[in-house]
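# Chain and residue survey
Here is how the chains run, residue by residue.
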Amino acid sequence: MSDREKIEQFISHCRRVGLNVTPQRLAVYKAIMNDSTHPNPETIYKKVKEDHPTISFATVYKTLESFEQNGIVSMVTSLHNTVRYDPIVDQHHHLVCVRCKKVMDLNDESLNHLSIPADALKGSQLLNYSIQFNILCEECRAKQ
């Protein structure tokens, strides 16, 4: 999908869920829409600030929270004392390096059909799930 199509889809989604498409929201979305590194709010803030020097970190953070609540981005992990965001909201899983904190997408259809024992839910309803594999990535292994 082209960047233009992603932006049009973003605008359409915002309108559908009742979010105004402000310059700040558009800037935050553009900063994350093609970022496969699963950036944290501070990284996104630094990117946005380059073109929007008056934007605050609080605005970026609140925008990301709003995006997550409205299905525009997904929250990947709060591992390593920071939240990470993913522009891909379709079900997929992640590999997370425990040393360098790199987060990588893992698309494996077989992982999308796991079942959880009913007694583990104890009457709760499973909405969705994401599997996170903690690894030592190739680059970090090479440094050992």
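Because the structure is predicted, anything quoted here is derived from the model rather than measured.

## Things to note about the sheet that holds strand β5 (residues 132-135)
- The strand order β4-β3-β5 describes an open sheet built from three strands, whose pairing is mixed. Two strands bound the open sheet, and with one partner strand each, they are β4 (103-106) and β5. Across the sheet, the mean angle from the axis of one strand to that of its neighbour is 25 degrees, orientation sign disregarded.
- The pairing of strand β3 (residues 93-97) with β4 spans four bridges and is antiparallel. Looking across to β4, one finds that V96 is bridged to V103.

## Observations concerning helix α4 (residues 57-69)
- With 13 residues, α4 should reach 18 Å at 1.5 Å per residue; the first-to-last C-alpha distance of 18 Å fits that figure.
- Taken together, the buried positions of α4 are V60, T63, L64, S66 and F67. Buried residues in α4, looked at end-on, bunch into an arc of 160 degrees, giving them a common side. Opposite its buried face, α4 presents the exposed residues K62 and Q69, each directed more than 90 degrees away.
- If you follow the buried residues of α4, they end up packed against α1 (3-17), α2 (23-32), α3 (41-51) and β2 (85-86).
- Two residues or fewer past α4, G71 is found with a positive phi of approximately 75 degrees.

About the thresholds
Residues numbered from 1 in each chain as written. Predicted model: local features only at pLDDT ≥ 70, side-chain atom pairs only at ≥ 80, totals over all residues. Heavy atoms only, no water. Pairing = 2+ DSSP bridges. Helix = DSSP H or I, 4+ residues; strand = E, 2+ residues; numbered from the N terminus. Axes fitted to C-alpha atoms, helices over the stretch in contact; angles between N-to-C directions. Expected span 1.5 Å × (residues − 1). Buried < 20%, exposed > 50% of the residue type's maximum accessible area, 1.4 Å probe, protein only. Arc of directions from axis to C-beta. Contact = heavy atoms within 4.5 Å.

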